[in-house]
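Examination of the molecular architecture
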Amino acid sequence: MPADLGFHPKEHYGLVSAHPYRLLPFRFMRWQTGEVLVVNDVGEHLFLDASSFDAFVRHRLDSGSDTYLDCKAKHLLADSDSTVPIDLLATKYRTKKSFLEGFTKLHLFVVTLRCDHSCHYCQVSRVTEDRERFDMSRETAERAVNLMFRSPARDLKVEFQGGEPLLNFQLIRYLVNYANECNTQEGRRLEFVIATNLSPLTDEMLVFMREHSIFISTSLDGPEAVHNANRPRRGNDSYEITLRNIGRAREALGHDRVSAIMTTTERSLLHPREIIDEYVRQDFDSIFLRPISPYGFAIRTRKAWEYGAQEFIEFYKAALDHVINLNRNGVAFMEVYAQILLRRMLTPFPTGYMDLQSPAGAGVGVVAYNYDGDVYASDEARMLAEMGDFSFRLGNVHEQTYEEIFGGSVLQALQEASCVEALPGCSECAFVPYCGADPIFHWATQGDPVGNRPTSAFCTKNMALLKHLFGLLHSGDAFIEKLFLQWATSQDLPHRLAS
């Protein structure tokens with residue numbers, strides 16, 4: 001810029017370097033302690049005191065100091081003409097984004113909307129058990145399987161959803177056999193998961209599941225009083241049936257083939273320790289603490305609005321604190337959402353968790369085939385459709401081709417709205433390498449796929465939990481540091497998240 005336009009020379013800003021290093025791309029966040037968290041594009045990070053940070057950005061770090069060497073090791077600065085540091089950074093970036101390899105890997109089949117439970121927070125708008133017209137047909141199932149095999153992914157995961165999918169087990173049996181038959185030519189690595197409340201489980205079903213190495217993911221919301229209140233059914237025996245059938249499934253399929261997830265209601269907020277203890281008592285080695293999602297009956301019954309993001313954060317912190325103390329006392333137990341975030345913070349590897357991808361996992365990582373053949377970018381997009389909002393319907397297996405469904409304008413718009421590196425309110429955030437966009441959540445809650453981050457519950461929750469985990473890591477507690485590193489490097493993600 002010409003000097004006559006009024007700009008000062010670089011010397012005026014103190015940017016003339018005593019040491020010839022250049023800054024590599026980074027973001028930063030000032031900490032309450034006065035320190036500064038500095039993060040590069042692949043999530044490698046460093047806490048600097050304020051004076052060191054000032055020297056770092058002004059190119060005044062002593063090249064012999066530990067701070068200089070730490071910044072160089074973390075790819076925050078480069079001090080030679082060699083392209084090796086940039087090439088290495090690019091390799092790490094490709095590794096972080098390797099979840100995009102193979103395109104859509106997780107395929108959800110909604111084989112029925114019927115269910116025998118009447119959960120107030122149900123996000124899928126289930127129907128009663130006698131309404132069989134909400135079952136998927138064989139023709140629709142075959143067309144959906146044929147579409148699935150058009151995906152270039154080497155690994156394909158089929159997850160049966162509902163309603164309660166075991167109420168249409170005949171179709172599950174048919175679909176598993178049909179997919180395996182197709183795969184004799186395809187040669188992909190196929191995996192099957194049934195997301196079920198387990199109540200219709202029979203011995204015949206278990207034999208079939210064992211023969212086909214099928215995983216089970218069920219729901220356990222906590223102790224009996226919490227579970228039965230959250231997940232009512234006739235007889236008020238949901239808890240009793242769930243535990244009994246978890247035992248049967250473990251015995252038939254193997255302990256590690258049965259996992260559980262929970263949903264946090266207003267009632268759950270009062271019992272963080274009891275919920276954790278219930279999972280330990282039932283011999284699970286982890287728990288995934290999830291808030292209610294704002295879809296389906298959770299909206300109609302207003303359960304989704306009974307508590308805010310801040311109340312969930314306090315619940316989560318109390319539960320995580322209990323989990324850490326259990327580990328201190330020799331009980332190996334893990335919180336899964338913390339594991340997902342820690343893997344992003346402490347390793348170069350991505351996770352299969354769709355809600356924290358950039359670009360979003362909707363459509364490119366996961367797709368949902370509804371009972372009527374409609375194809376949605378995610379399970380949440382399908383839930384929105386059951387509420388009358390078809391914004392994220394990609395097409396129908398009976399009407400559109402693979403190219404029309406996965407190359408259409410809906411999926412392209414979703415991807416454009418879900419790259420956090422370019423979103424307003426996100427692009428400058430230090431937590432970008434660890435976070436995602438979730439455009440469908442923001443559409444559902446704010447009427448816009450990009451949304452407004454300062455008022456976003458998604459942003460509030462993830463900012464708070466990342467700050468909490470960084471705070472614990474940086475507390476000087478060697479036990480927590482070792483424990484979190486173990487979680488981050490563990491391969492034991494639940495089957496529904498490990499795609």
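The following refers to the structure shown.

About the criteria used
- Residues numbered from 1 in each chain as written.
- Predicted model: local features only at pLDDT ≥ 70, side-chain atom pairs only at ≥ 80, totals over all residues.
- Heavy atoms only, no water.
- Helix = DSSP H or I, 4+ residues; strand = E, 2+ residues; numbered from the N terminus.
- Phe/Tyr/Trp six-rings, centres within 6.5 Å; stacked < 30°, edge-to-face > 60°.
- Buried < 20%, exposed > 50% of the residue type's maximum accessible area, 1.4 Å probe, protein only.
- Pairing = 2+ DSSP bridges.
- Axes fitted to C-alpha atoms, helices over the stretch in contact; angles between N-to-C directions.
- Contact = heavy atoms within 4.5 Å.

Focus: unusual backbone geometry
- At the junction of Gly162 and Gly163, the peptide bond is cis and its omega measures out at 15° in the coordinates.
- Among the structural elements, Gly163 can be located in the loop between strand 7 (155-161) and helix 5 (169-186).
- Going from Ser358 to Pro359, the amide bond is cis rather than trans, its omega being 0°.
- With respect to the helices and strands, the residue Pro359 is situated in the loop between helix 12 (336-346) and strand 14 (366-369).
- Here the phi dihedral of His59 falls at roughly 60°; this positive angle occurs in a residue that is not glycine.
- Relative to the helices and strands, His59 is located in the loop between helix 1 (50-57) and helix 2 (66-73).

Overview of the packing of aromatic side chains
- Under the defined criterion, the tally for this structure stands at 29 aromatic pairs.
- Taken together, a centroid distance of 6.3 Å and an interplanar angle of 45° make the contact between Phe53 and Phe56 tilted. Taken together, the positions of Phe53 and Phe56, both in helix 1 and three residues apart, correspond to about one turn of that helix.
- Residue class for Phe53 comes out buried when judged on its relative accessible area of 5%.
- When its relative accessible area of 0% is taken as the criterion, Phe56 is described as buried.
- With centroids separated by 5.9 Å and ring planes inclined at 10°, the aromatic side chains of Phe288 and Tyr337 adopt a geometry described as stacked. Taken together, the residues span a long stretch of sequence, with Phe288 in the loop between strand 11 (286-287) and strand 12 (289-291) and Tyr337 in helix 12 at a distance of 49 residues. Taken as a pair, Phe288 and Tyr337 share a single burial class, namely buried.

What about the sheet that holds strand 8 (residues 189-195)?
- The mixed open sheet is built from nine strands, whose spatial order is 12-10-9-8-7-6-14-15-16. Looking along the sheet, the strands with just one partner apiece sit at the ends: strand 12 and strand 16 (393-396). Ignoring strand direction, the axes of neighbouring strands in this sheet form an average angle of 25°.
- Bridging between strand 9 (residues 215-219) and strand 10 (residues 258-264) involves four bridges; their strand directions are parallel. What sits directly across from Ser217, in strand 10, is Ser259.
- Lying on the sheet, helix 4 (residues 138-148) is in contact with strand 6 (106-110), strand 7, strand 8 and strand 14; it crosses strand 6 at an angle near 175°.
- The sheet strands contacting helix 13 (residues 379-386) are strand 6, strand 7, strand 14 and strand 15 (374-376), and the helix crosses strand 15 at an angle near 125°.

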